[in-house]
Amino acid sequence: MDVSQYLEIFIDETNGHLQNLSDCIMSLEKDPENMDTINEIFRAAHSLKGMAGTMGFKRMQRLTHDMENVFQEVRSNNMSVTSGLVDVLFQCLDAIDAYLENVKESSEEGTDDNEAIIQELNDILAAGTGNAPAKEEKPAVKEEPAQNEGEDRFQKKYLDIEFSEKEKEELRVSEEKGMKLYGMTVYIQEDCLLKAARAFLVFKAVEDFGNIIVYNPTSQDIEDEKFGFDFSFYFASETELDKILEVSKAVSEIEEVVGEKVEYKELTAAAAKKEEEAAAAAREQEQKKEAAAPVPAAGAKPQTQPQAQNGKKPNAGKPVTNRTVRVDIEKLDALMNQVSELIIAKNSLVSIGSTSDGGVGSSNSQAFHEQIEYLERITTGLHESVMKVRMVPIESVVQKFPRMIRDLSKKLDKKMELHMTGEDTELDRTVVDQIGDPLQHLLRNSADHGLENTELRKKRGKPETGSIHLNAFQEGNNVIIEVSDDGNGIDTENVKNKAIERGLITPEQGAALSQKEIIDFLFMPSFSMAKQISDVSGRGVGLDVVKSNIEALGGDVEVKSILGEGSKFTVRLPLTLAIIQALMVEVRGEKYAISLGSIETIEEIMADEIKFVQAKEVIHIRGMVIPLIRLDQLLDCEPEEEEKESLTVIIVRKGDKFAGLIVDELNGQQEIVIKSLGKYINNSTKIISGATVLGDGEVALILDVNTLF
Amino acid sequence: MANNISVVENGKKQFIVVKIGSEQYGIDISYVDNIVRMQKITRVPKAQSYFKGIINLRGEIVPVMSIRTKMDLEPDVFTDVTRIIILKLEEHGVLGLIVDEVKEVVTLGPDEIDKVAYDAKNSKSNFINGVGKHGDELISLFDTNSIIDETETV
């Protein structure tokens, strides 16, 4: 059976189920008695098994089958959840994840049988229930609810189908050839998102055994998803019905399949049959009512009634409809590029408009300006919409962290808890894709270096369980992600000694360093403070990678730490990557753009207001002492002969630090498209973060003021 | 390598002949994307000395290199025949080279090209991987890869 076209759906869904399982197992560990969680796990494991089975991934299917077995017992109160079981379950998840990775790469699940894990699962099962792992038991349990419900809820809708002459002919011919005719109705789970795909999988599975002759709704309608949650068909085959029912049920998200062998003669006697059917339906209705009575009662104590659980299955917590379209990120990039071009074109119109005032008649010019403003509104709106399309919540990245911290907690033998807020904070897709590793590093760093071991924490009067916080929120044009812990904090003396020891600085230099400068050593390549190298960290390839990764995304990292109380890493990321609002300035006739996001105020000062602190120029303004940076000197421009009396200073801000940039002229605000300088130009100082094309075709450089602090 | 260049016929290659100072140089035509007139170059602070800056080529930002500075010749003098040769190099992207003048396109066969031995002492010859003979004129052939090489000390 060719299922390759469903591979992507499979991968996506498996990912979803795995995450779900991971979350549930985490909460199960805290609350082992919670039946809702156990049921959720059972369902997820069951869906995984079904999906793996459909796709023909036998090893994955076997593993999930055994997981399901264990939960079957847990659910029936035959065994309890132990921490050992949770460990093994996490191993299972990792193993399934490994299968999934293989599937992603090669469309094969790989050859690792994971016998050890399966063995452990079965051992736990045996120990927990007090008997040998009874594999045969399982299908029986599964079969039972299916049959019960099949009688009540699922009618044989295929009996209602009316045939065309052509179809009748085909049915007749098939029967004459000695094939058996079957009528079947398939019910799809109501929360299924891709009904057509499921229907297709069922048809594929069935067509291995014979030919489908009649579809209801028509195959075209099924393909277009123009059907409810069931569809019926007749087909001719030489195989037995059971086999066919089995393969169709194996397709995931199929709730039930009902079917039986039919005779051509019976079918053609349609009128008679229909009356009978109506009667049958009435009978079934009655049966259903009878059957319905015990169900609510059973629902009251679900742990003893797996049937009731299965009945509830379709409504389990998932959003029923999801009006989304998947779009290739490259298409979005192309769209973004076009928006960028549009903005450049708009900017050139703006610049023509502002220069051609004299030439054009004044009434024309007025209309022209109005239209340009209109165009400006549209392009800005368009840009925002495209940006929003590219925004995704960071949730997809951070949701794996609780599990990671749990594993670290075991591995490092420290008690710790992760508290996360702001998982719904949105960032550009490209940023989200690359933020995972740096954040993971920071969390590991907090867990390993930050938090003290339990005894020390007790001694210091801190709660035994260390806490790590991950907070994300938006601040202006930036998204801030803070990773903080209540651990030891950074011992700057220690770091300084290490730096001296490694010959990075002399002891004299060390004495003059500020705390921040010392902490910056931690971000240097191969500078590790860990006394021994562990699996977790200590190879000195942590924080420098974090820093360079985040800087590559146009962001930066800051650390604050109080010895004995903990440390906080603040990651600042730009909301958008491609287009920003910027202030255009001129320095010695050269044009530069400064992102509006980092500008605090613009001040006119007199030259004699400049004071000196430690031989550096500062200004004292509204109670703040702000260091001044002369951009012409910084950017190696030709020095100006005469000092001007009045200076334009742009006050920029990074976090809680300020600096004043002296520029010659302000050229107003503009929406600019950021373009890379390319790989040739050595930009090691990173002062220039890119370039942009102005309306008149000139190129202006974009100053990254974050590098000035 | 610069040697696996476009083959015109029987191993013949085409070169764009440019003038830098008094010497004639050939640039393998398969690397040349475009030739544009001199235009305003935006200086990039803190860049390598031989990068004059960047230009806007139909909305693309293209870095422009002064091959004179790179070869330790006297600085560029811009005239109305000065051109920027836009090179397109796989992986590395687009790069502009300032030349004094663009003369012609020549086709050279293997027998018309003499290989030049690598001379570590002479930084200028490092950019040349052959000398082409076209009539009575000699054309130094640029090794495009070594032009973009970053090993040179700034």
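Along each chain, numbering runs from 1 in the same order as the chain's sequence is written. Each chain takes a letter, starting from A, and each ligand takes a number, starting from 1, following the order in which they are written. Residues qualify for local features only when their pLDDT is at least 70, as the model is predicted, and side-chain atom pairs are given and counted only at 80 or more; totals for whole chains, interfaces and linings, by contrast, use all residues.

What follows deals with the overall build of chain A. Runs of H or I in DSSP of at least four residues are treated as helices and runs of E of at least two as strands, each being numbered from the N terminus. When helices and strands are counted, chain A shows 25 helices and 22 strands. Any pair of residues counts as being in contact when their C-beta atoms, constructed from backbone geometry, are within 7 Å of one another. Long-range contacts, defined here as pairs at least 24 residues apart, represent 70% of the contacts in chain A between residues at least 6 apart.

For chain B, the count of helices and strands is two helices and eleven strands. Secondary structure of chain B in N-to-C order comes out as β-β-β-β-β-α-β-β-β-β-β-β-α. To sort residues by burial, count the other C-beta atoms lying within 10 Å of each one's C-beta; a count of 20 or more means buried, 12 or fewer means exposed, and anything in between means partly exposed. C-beta atoms are built from the backbone. Counting over 154 residues, chain B shows a buried share of 35%. Contacts in chain B between residues at least 24 apart in sequence constitute 53% of all its contacts with a sequence separation of at least 6.

Turning our attention to the confidence of the model for chain A. Residues and elements named next belong to chain A. On average, residues of chain A score 76 in pLDDT, and 80% of them are at 70 or above. One confidence number per residue, pLDDT, is output by the predictor and ranges from 0 to 100. pLDDT under 50 marks residues 132-151. Its contacts with residues more than four places away, or in other chains, come to 20 contacts. Low pLDDT, under 50, characterises residues 535-540; the predicted model gives this stretch 21 contacts beyond four residues in sequence or across chains.

A few words on the interface of chain A and chain B. Counting residues at the interface gives 22 residues for chain A, matched by 19 residues for chain B. It is strand E21 (residues 688-693) of chain A that provides the largest number of residues to the side of chain A that touches chain B, a total of three residues. Basically, the charged four are Asp, Glu, Lys and Arg, the nonpolar ten are Ala, Val, Leu, Ile, Met, Phe, Trp, Tyr, Cys and Pro, and anything else, Gly included, counts as polar. When grouped by side-chain class, the residues that make up the side of chain A that touches chain B number eleven nonpolar, five polar and six charged.

Attention now goes to the nonpolar core. Note on terminology: a nonpolar core is any set of buried Ala, Val, Leu, Ile, Met, Phe, Trp, Tyr and Cys residues joined through C-beta atoms within 7 Å. One finds Ile594(A), Leu661(A), Leu703(A), Ile54(B) and Leu97(B) to be the most contacted residues of the largest nonpolar core, which totals 77 residues. Top contributing element to this core by residue count: strand E12 (residues 579-587) of chain A, with six residues. Residue assignment places this core across two domains, with domain 3 (329-384) and domain 5 (579-708) of chain A each supplying three or more. If you look at the next biggest cluster of nonpolar residues, it comprises 69 residues, including Ala44(A), Leu89(A), Tyr187(A) and Ala205(A). The domain limits used here are those given by an automatic or database domain assignment.

This paragraph deals with the pairing of strand E5 (residues 60-66) of chain B. All names here are of chain B. Counting buried residues in E5 gives six out of seven residues, a clear majority hidden from the surface. Pairing of strand E4 (residues 51-57) with E5, which is carried by six bridges, proceeds in the antiparallel orientation. Paired with Asn-56 across the two strands is Ile-61, which belongs to E5. When DSSP finds at least two bridges between two strands, those strands are taken to pair. Following E4, the chain reverses through two residues before pairing antiparallel with E5; Arg-58 in that reversal takes a positive phi of roughly 50°. Across three bridges, the pairing between E5 and strand E7 (residues 93-99) is parallel. Along E7, the bridge assignment pairs Ser-66 with Ile-98.

All names here are of chain A. In this description, a line fitted to the C-alpha atoms serves as the axis of each element, helices being fitted only across the stretch in contact, and the angle between N-to-C directions of two axes falls anywhere from 0 to 180 degrees. It is the contact of helix H18 (residues 401-412) with helix H19 (residues 429-450), at a shortest axis distance of 10 Å, that shows an interaxial angle of 30°. Judged by the angle between their axes, H18 and H19 are roughly parallel. For the element pair H18 and H19, the recorded crossing hand is right-handed. Contact residues: Phe-401, Met-404, Ile-405, Leu-408 and Leu-412 in H18; Gln-440, Leu-443, Arg-444, Ala-447 and Asp-448 in H19. When the residues that make up the contact of H18 with H19 are grouped by side-chain class, the tally is seven nonpolar, one polar and two charged. Roughly parallel refers to an angle under 35 degrees, roughly antiparallel to one over 145, roughly perpendicular to one between 65 and 115, and oblique to any angle outside these ranges. Should the near helix be turned counterclockwise from the far one by less than a right angle, the crossing is left-handed, whereas a clockwise turn marks it as right-handed.

Residue and element names in this part refer to chain A. Positive phi is not limited to glycine here, since Asp-413 has a value of about 55°. Looking at the secondary structure, you find Asp-413 in the loop between H18 and strand E6 (416-421). Unusually for a residue other than glycine, Ala-615 sits at a positive phi of about 60°. In this fold, Ala-615 is placed in the loop between strand E15 (611-613) and strand E16 (616-621). According to the C-beta neighbour criterion, Ala-615 is exposed, with 5 such atoms within 10 Å.

Residue and element names in this part refer to chain A. What the five strands build is an open sheet, ordered E6-E8-E9-E11-E10; its pairing is mixed. At either end of the open sheet lies a strand with only one pairing partner, and these are E6 and strand E10 (556-562). Averaged over all neighbouring strand pairs, the angle between strand axes comes to 15°, with direction disregarded. Pairing geometry for strand E9 (residues 478-485) and strand E11 (residues 566-574), over eight bridges, is antiparallel. Looking at E11, one finds that Asp-485 is bridged to Ser-567. Lying over the sheet, H18 contacts E6 and strand E8 (466-475), oriented at roughly 165° with respect to E6.

A word on H19(A). The terminal C-alpha atoms of H19(A), which comprises 22 residues, lie 30 Å apart, in line with the 32 Å expected from a rise of 1.5 Å per residue. Of all the bends found along H19(A), the most pronounced is centred on Ile435(A) and spans about 40°, while Pro438(A), a proline, follows it within four residues. In this scheme, a helix's expected span is set at 1.5 Å multiplied by one less than its residue total. One axis fitted to the seven residues ending at a residue, another fitted to the seven starting there: the angle between these axes is the bend at that residue.

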